[in-house]
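Here is what each chain is made of, one letter per residue.
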Amino acid sequence: MSHTLAGSARAGAGWIAAFAAAAVLAAYSGITFALGEPRATVVIPVAVALSLALGVIALTRFFVFVLIVLGARASLDATKLAGSISASGGGETAASWLDPSSMLGALFIVAGLAWLIAQGPRTGAAPRRFLLAAAVAFLVACVLSMLGSLYLGTSAGEVVRIGAVLVMIFVVERLVDQDPTRVPQLLIAVFAAALLPSLVTIQQLLTGSGLVELNGSLRPHGTFWHPNALGMFCYVLIVAGVALFPHVENRAKIAIGSVLALTGIALLGSGARGAMIAALAGLVVVGLLQNRRLLVGLGALVVAIVVAVPAVVDRFADLAEIRTEGGLEANSLVWRFDHWGQALELLGLNPVTGTGLGTTRLIIYKEVHNDYLRALVESGLLGLLTYLGLLAALVVTAVLALRATGPVRGLERGCAVAFAGCVAALLVSAVSDNAMTSVVVMWYFAVFAGIALRLGVGASR
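What counts, and at which threshold
Residues numbered from 1 in each chain as written. Predicted model: local features only at pLDDT ≥ 70, side-chain atom pairs only at ≥ 80, totals over all residues. Heavy atoms only, no water. Helix = DSSP H or I, 4+ residues; strand = E, 2+ residues; numbered from the N terminus. Buried < 20%, exposed > 50% of the residue type's maximum accessible area, 1.4 Å probe, protein only. Areas by Shrake-Rupley, 256 points an atom, 1.4 Å probe, with all protein chains shown as cover. Phe/Tyr/Trp six-rings, centres within 6.5 Å; stacked < 30°, edge-to-face > 60°. Lys NZ or Arg CZ within 6 Å of the ring centre and 35° of its normal. Axes fitted to C-alpha atoms, helices over the stretch in contact; angles between N-to-C directions. Parallel < 35°, antiparallel > 145°, perpendicular 65-115°, else oblique. Left-handed = near helix turned anticlockwise from the far one by under 90°. Contact = heavy atoms within 4.5 Å. Nonpolar A, V, L, I, M, F, W, Y, C, P; charged D, E, K, R; others polar. Core = buried A, V, L, I, M, F, W, Y, C linked by side-chain atoms within 4.5 Å. Domains from an automatic or database assignment.

Asks: What's the story with the overall build of the chain in this structure? I'm lost.
Replies: Check the secondary structure of the chain and you find 18 helices and two strands. Sorting the 461 residues of the chain into buried and exposed places 52% on the buried side. Carbon and sulfur atoms form 71% of the exposed surface of the chain, whose accessible area is close to 19,600 Å².

Asks: Where do I start with the packing of aromatic side chains in this structure?
Replies: The geometry of an aromatic ring pair is captured by the separation of the ring centres together with the interplanar angle, meaning the angle of the planes. Evaluated as defined, the whole model comprises nine aromatic pairs. Plain terms: the ring middles of F62 and F65 are 5.9 Å apart, the flat faces sit at 40° to each other, and that makes the pair tilted. Taken together, the positions of F62 and F65, both in helix α3 (residues 62-73) and three residues apart, correspond to about one turn of that helix. In this pair, the class of F62 matches that of F65, namely buried. Taken together, a centroid distance of 4.7 Å and an interplanar angle of 10° make the contact between F62 and W115 stacked. Taken together, the residues F62 in helix α3 and W115 in helix α4 (residues 100-119) connect sequence positions 53 residues apart. Judged on exposure class, the residue F62 and its partner W115 are both buried. The ring of F63 carries the charged tip of R182 above its face, separated from the ring centre by 4.9 Å. Between the NZ or CZ atom of K253 and the centre of the ring of F245, over which it lies, the distance is 5.6 Å.

Asks: Can you walk me through the packing of helix α7 (residues 182-192) against helix α9 (residues 227-244) in this structure?
Replies: Two quantities define a packed helix pair, namely the angle between the helix axes and the distance between the axes. At a minimum axis separation of 11 Å, α7 and α9 run at an interaxial angle of 135°. By the angle between their directions, the pair α7 and α9 is classed as oblique. By crossing handedness, the relation of α7 to α9 is classed as left-handed. Between α7, through L187, V190 and F191, and α9, the contact on the second element is made entirely by L237, A240, G241 and L244. Grouping the constituent residues of the contact of α7 with α9 by class yields six nonpolar, one polar and no charged.

Asks: Even after reading the chapter, I still don't get the nonpolar core, so can you show me in this structure?
Replies: In a soluble, globular protein the nonpolar side chains are often hidden away together inside. Counting 124 residues, the largest nonpolar core has F65 and W443 as its most contacted members. By residue number, the principal contributor to this core is helix α18 (residues 439-460), which donates 16 residues. Both domain 1 (14-81 + 96-121) and domain 2 (128-459) contribute no fewer than three residues apiece to this core. Sequence-distant contacts of W443, defined by excluding residues within four places in its chain, comprise V69, L70, R73, L104, G105, F108, A164, V165 and M168.

Just distances and angles here, no functional claims.
This is the structure in structure tokens:
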């Protein structure tokens with residue numbers, strides 16, 4: 001009994017010390033903000049304070065830590081310390097190690113790996129071994145890309161961010177394996193994370209404040225660093241929400257329906273054409289797997305959007321033009337075709353292991369906007385092969401989860417269909433967007449990947 005009381009006292013003292021430090025640093029940030037100090041002076045102490053508090057939670061209540069991370073991550077990009085949104089996605093958008101989002105990613109990967117190791121080894125199941133091997137192979141290729149990187153610090157940061165996404169998959173799989181009742185809590189955290197970004201986006205649309213001009217059009221970006229990231233986040237939530245909707249009770253239907261409405265508005269408002277097409281692809285897969293009447297509704301929805309939302313029509317209308325009168329690219333698709341050739345030329349610098357993750361935007365001042373090409377240029381032939389291997393493993397994971405759940409109603413079936421739809425959307429999105437390094441989006445994708453992996457593993461036992 002005395003040992004228990006002593007342990008409780010030490011734990012309580014640790015909590016008090018952590019939150020006292022957090023309060024002091026938060027108060028300091030508030031004072032410096034009032035005095036007009038630079039944003040870094042305000043943000044960094046708060047980020048450090050929150051990291052200390054989250055570190056204590058990770059040590060004592062790891063599952064709670066994961067829920068907090070998922071609930072908060074989608075709103076953190078707004079706290080980046082420097083740079084501005086660029087139409088090309090150039091070097092000025094590169095993340096800083098002092099950004100709160102970067103701190104959280106580093107904290108999660110350390111805590112997640114430590115937690116996985118502490119759980120001890122398990123007898124390997126074929127689905128888990130396959131996905132784990134593919135994930136490790138891709139991560140090794142990413143690490144090797146640092147050998148020839150022209151910007152080592154940037155590449156190291158990208159490796160850590162990709163590593164955090166991969167760790168999230170296996171953390172979620174292990175958490176759900178230990179206690180399947182955690183699935184609803186994980187889903188609540190994921191959908192709750194959409195509220196603030198969606199509401200901020202709607203506020204930007206209604207007031208016109210916070211919009212950014214990209215290629216001649218004003219677009220909202222919510223709490224994200226770029227409207228395209230907002231669009232990708234929305235398609236994950238929309239595809240998953242539609243897949244889960246028939247499999248939950250009425251109160252949950254109201255909550256998911258509300259999130260679908262908010263993220264739907266945010267997706268259309270973002271003007272992210274690639275994300276809209278990816279969402280459509282994912283929903284088609286959901287309809288084919290779950291209820292083909294959804295395809296009819298989907299067609300009717302597309303017609304309604306075309307009639308009622310002219311801004312969306314305008315975003316696609318300029319695809320018919322190639323060049324402006326001044327000889328410039330008439331739309332972002334033509335712009336992508338032009339600079340894909342420039343990016344491909346960089347492959348000659350290091351065809352085996354690439355130029356290093358995250359370096360393209362710093363060399364030609366443009367994001368790649370194609371994950372397949374990015375993998376080839378920034379991590380070489382080795383990176384492209386392992387990236388395709390990882391995508392193949394995700395497809396296999398989705399298929400096994402679908403087989404394990406069968407065509408029946410239930411939350412597990414909804415999660416399997418949700419992941420299958422998200423995989424389809426990702427494969428499409430990767431053609432024209434930067435999904436690989438949009439960690440804020442991929443973390444939520446990883447939750448469904450971890451749940452689907454658990455479903456496939458359970459069926460193979």
